[in-house]
Amino acid sequence: MKNQISAFLQSRIEAEDFPSAVCLVAEKGEIVLQDAVGLAVVEPEKIAAKPDTIYDLASLTKVLITGLLCAKLIEKGEINPAEKAAKYFDEFAAAEEKREITIGNLLTHNSGFPSWKPFYLFAGSKFQIPHLIAREPLVNPINSKVVYSDFNFLLLGFLLEKIYGESLDKVAKREIFAPLDLKNTFFNPPSEFLGKIAASEKGNEFEKQTAEETFPEIRIPHSAFREYQIRGEVHDGNCYFMDGVSGHAGLFSNAEEVFRLAQQFLPATTSLFKPETCRLFRTNFTKGLNEARSIAFQLAETPDSTAGEALSKDSFGHLGFTGTSLWIDPQKERIFILLTNRTHNRRPPFVLLNSVRRRFHELAASLLTDN
């Protein structure tokens, strides 16, 4: 079955879905399968992917850093999902339609905010972003619909910095990386790790096209986007504008250390939470809405989720734009990690990997069942 999984991923490389993939499958705290296929870097030189290759995790940052830290504060009673965001952001208190947005709304993506905006085109510095978000019209009434939005986790990143009184990368290093002894997980990877890092897009062509289509009324300066091969620095434009550290993106890691982070969300293997706190990640807090969301995660009961049919319906997971995914099945204590760099050596629009992820989960679940 291991050969079937690797052969499947190799077939998707040949179909040009992505140039490389690293997968890891675990059950009850033990790694059952770990493999790497393809090229982590195609150009300007060819470097093969290895099991310890480091990837830009993109939006996995939302769950592995921001969601984790918020849940830790909830456990301690230092924040409450029912609290209004305006308690921490004066800008919200002054914006009538935003006053009722709660921390829980931000964590479950039913705040009413739109999905994305290139704030680097509108802000003079990263510190202006909360002000700009507060001025952004809501696209839905609060609590009426789940719209996955970077706005929510940008705000939560700022909220964490307000509470801790220091930058998010420093908080993560002290509260997460050091206790778990993570040596290959960081914001802004040190230069000596470059040889182990998978490349992403050459420039920000996809983001540039999206910005031009979304905001045709503004003149976008040529200098707003990178044109060189991005490797070892965050792909996401807003996070890059924020010096590589934000609540929605910026985290780099390899599969084995993502596995150690993922273990924190299961009661039998967590060392950062009380076991009962892990219920926050498998509980549907958006019942009756279009998508099932727990604290930071999407639940497998969401229609057409990338979990597929092989995982239990209270499984929870998240995706990253660069081609990364993590799904956790709490019933069977299983962890499924698939890291790819689909944006590298490819022209946008990039391949949608939903069917690839579902098939990976099917093959991996079969492997675990057969053992």
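Reading the values: rules and limits
- Residues numbered from 1 in each chain as written.
- Predicted model: local features only at pLDDT ≥ 70, side-chain atom pairs only at ≥ 80, totals over all residues.
- Heavy atoms only, no water.
- Helix = DSSP H or I, 4+ residues; strand = E, 2+ residues; numbered from the N terminus.
- Rg over C-alpha atoms; globule rule 2.2 N^0.38 Å.
- Buried < 20%, exposed > 50% of the residue type's maximum accessible area, 1.4 Å probe, protein only.
- Contact = heavy atoms within 4.5 Å.
- Areas by Shrake-Rupley, 256 points an atom, 1.4 Å probe, with all protein chains shown as cover.
- Lys, Arg positive; Asp, Glu negative; His and termini not counted.
- Charge placed at Lys NZ, Arg CZ, Asp CG, Glu CD.
- Salt bridge = Lys/Arg side-chain N within 4 Å of Asp/Glu carboxyl O.
- Core = buried A, V, L, I, M, F, W, Y, C linked by side-chain atoms within 4.5 Å.
- Pairing = 2+ DSSP bridges.
- Axes fitted to C-alpha atoms, helices over the stretch in contact; angles between N-to-C directions.
- Parallel < 35°, antiparallel > 145°, perpendicular 65-115°, else oblique.
- Nonpolar A, V, L, I, M, F, W, Y, C, P; charged D, E, K, R; others polar.
- Expected span 1.5 Å × (residues − 1).
- Polar contact = N/O pair within 3.5 Å; in protein donor to acceptor, adjacent residues only side chain to side chain.
- Phe/Tyr/Trp six-rings, centres within 6.5 Å; stacked < 30°, edge-to-face > 60°.
- Lys NZ or Arg CZ within 6 Å of the ring centre and 35° of its normal.

1. Describing the overall build of the chain
Turning to step 1, where the next piece is worked out: For the chain, the count of helices and strands is 11 helices and 10 strands.
Turning to step 2, where the next piece is worked out: A compact globule built from 371 residues would reach a C-alpha radius of gyration of about 21 Å, and the chain, at 20 Å, matches this within 12%.
Turning to step 3, where the next piece is worked out: By its C-alpha atoms, the chain is 60 × 50 × 35 Å across when sized along the principal axes.
Turning to step 4, where the next piece is worked out: With 371 residues in all, the chain has 60% of them scored as buried.
Turning to step 5, where the next piece is worked out: Contacts in the chain between residues at least 24 apart in sequence constitute 66% of all its contacts with a sequence separation of at least 6.
Turning to step 6, where the next piece is worked out: Counting only carbon and sulfur atoms, one obtains 49% of the accessible surface of the chain, whose full area is about 14,900 Å².
Turning to step 7, where the next piece is worked out: Averaging the locations of the 42 positively and 48 negatively charged side chains of the chain gives two centres separated by 1 Å.

2. Quick word on the pattern of salt bridges
Turning to step 1, where the next piece is worked out: Inspection of every chain in the model, using the stated rule, returns 19 salt bridges.
Turning to step 2, where the next piece is worked out: Measuring nitrogen to oxygen at the nearest pair gives 2.7 Å for the salt bridge that ties Asp 150 to Lys 62. Of this pair, Asp 150 sits in helix H6 (residues 150-164) while Lys 62 sits in helix H2 (residues 60-76); the two residues are 88 residues apart in sequence, bridging distant segments of the chain. Neither Asp 150 nor Lys 62 differs from the other in exposure class; each is buried.
Turning to step 3, where the next piece is worked out: With a closest N to O distance of 3.1 Å, Lys 183 and Asp 181 form a salt bridge.
Turning to step 4, where the next piece is worked out: The class of Lys 183 is exposed, set by a relative accessible area of 54%.
Turning to step 5, where the next piece is worked out: What emerges from the salt-bridge pattern is a single network uniting Glu 166, Arg 174 and Glu 175.

3. Details of the nonpolar core
Turning to step 1, where the next piece is worked out: Counting 80 residues, the largest nonpolar core has Leu 64 and Phe 92 as its most contacted members.
Turning to step 2, where the next piece is worked out: Ranked by the residues each element gives to this core, the list is headed by H2, at 10 residues.
Turning to step 3, where the next piece is worked out: Leave out the neighbours within four places in its chain, and Phe 92 touches Ala 85, Ala 86, Lys 98, Arg 99, Ile 101, Phe 113, Pro 130, Ile 133, Ala 134 and Leu 155.
Turning to step 4, where the next piece is worked out: Judged by nonpolar contacts, the second largest core, of 23 residues, contains Phe 8, Phe 18, Phe 336 and Leu 367.

4. Notes on the pairing of strand S8 (residues 316-320)
Turning to step 1, where the next piece is worked out: Counted residue by residue, S8 has 4 buried out of 5 residues, so it is predominantly covered.
Turning to step 2, where the next piece is worked out: Of the strand pairs in this sheet, strand S7 (residues 298-299) and S8 are connected by 2 bridges, and their pairing is antiparallel. Within the sheet, the bridge partner assigned to Leu 299 lies in S8 and is Phe 316.
Turning to step 3, where the next piece is worked out: In the sheet, S8 pairs with strand S9 (residues 324-329) via 5 bridges, with the strands oriented antiparallel. Within the sheet, the bridge partner assigned to Gly 320 lies in S9 and is Thr 324.
Turning to step 4, where the next piece is worked out: In textbook terms, the turn of a hairpin is the stretch between consecutive antiparallel strands, and for S8 and S9 this stretch comprises 3 residues, one of which, Gly 323, has a positive phi near 120°.

5. Focus: the packing of H2 against helix H7 (residues 168-180)
Turning to step 1, where the next piece is worked out: Closest axis-to-axis distance for the H2/H7 pair is 11 Å, and the angle between their directions is 75°. Overall, the two elements H2 and H7 adopt an arrangement that is roughly perpendicular. Every residue of H7 that contacts H2 at Leu 64, Ile 65, Thr 66, Leu 68 and Leu 69 is listed here: Leu 168, Val 171, Ala 172, Glu 175, Ile 176 and Phe 177.
Turning to step 2, where the next piece is worked out: Taken together, the residues of the contact of H2 with H7 sort by class into 9 nonpolar, 1 polar and 1 charged.

6. Details of H6
Turning to step 1, where the next piece is worked out: Across its 15 residues, H6 extends 21 Å between first and last C-alpha, which sits within 8% of the 21 Å expected from 1.5 Å per residue.
Turning to step 2, where the next piece is worked out: Among the residues of H6, those classed as buried are Asp 150, Phe 151, Asn 152, Phe 153, Leu 154, Leu 155, Leu 156, Gly 157, Phe 158, Leu 159, Leu 160 and Tyr 164.
Turning to step 3, where the next piece is worked out: Among the residues of H6, the N-terminal cap falls to Ser 149, whose side-chain oxygen and the backbone nitrogen of Phe 151 are separated by 3.0 Å.
Turning to step 4, where the next piece is worked out: Phi for Gly 165, located one or two positions after H6, is positive at around 75°.

7. Examining the packing of aromatic side chains
Working definition: an aromatic ring pair is given by the centre-to-centre distance plus the angle between the planes.
Turning to step 1, where the next piece is worked out: Inspection of every chain in the model, using the stated rule, returns 17 aromatic pairs.
Turning to step 2, where the next piece is worked out: Relative to Phe 215, the ring of Phe 122 lies with its centre 5.5 Å away and its plane at 65°, an arrangement referred to as edge-to-face. Of the two residues, Phe 122 is situated in the loop between helix H4 (103-108) and helix H5 (129-135) and Phe 215 in the loop between helix H8 (205-214) and helix H9 (237-241); the sequence distance between them amounts to 93 residues.
Turning to step 3, where the next piece is worked out: Looking at Phe 122, the relative accessible area reads 31%, which means it is partly exposed.
Turning to step 4, where the next piece is worked out: With centroids separated by 5.1 Å and ring planes inclined at 80°, the aromatic side chains of Phe 265 and Phe 297 adopt a geometry described as edge-to-face. Here Phe 265 is found in the loop between helix H10 (255-262) and S7, whereas its partner Phe 297 is found in the loop between H10 and S7, with 32 residues between them in sequence.
Turning to step 5, where the next piece is worked out: Three or more aromatic residues joined by ring pairs make a cluster, and in this case those are Phe 89, Phe 92, Phe 113, Phe 119 and Phe 151.
Turning to step 6, where the next piece is worked out: Lys 117 extends its terminal NZ or CZ atom over the ring of Phe 122, reaching a point 4.4 Å from the ring centre.
Turning to step 7, where the next piece is worked out: Taking the ring centre of Phe 321 as reference, the NZ or CZ of Arg 342 above it sits at 4.6 Å.

8. Observations regarding helix H11 (residues 354-370)
Turning to step 1, where the next piece is worked out: The terminal C-alpha atoms of H11 lie 25 Å apart, and with 17 residues this matches the ideal 24 Å at 1.5 Å per residue to within 8%.
Turning to step 2, where the next piece is worked out: Listed in full, the buried residues belonging to H11 are Asn 354, Val 356, Arg 357, Phe 360, His 361, Leu 363, Ala 364, Ala 365, Leu 367 and Leu 368.

9. A word on the side chain of Lys 72
Turning to step 1, where the next piece is worked out: With respect to the secondary-structure elements, Lys 72 resides in helix H2.
Turning to step 2, where the next piece is worked out: With relative accessibility at 18%, the residue Lys 72 sits in the buried group.
Turning to step 3, where the next piece is worked out: When sequence neighbours within four positions are dropped, the list of residues in contact with Lys 72 reads Leu 272 and Phe 273.

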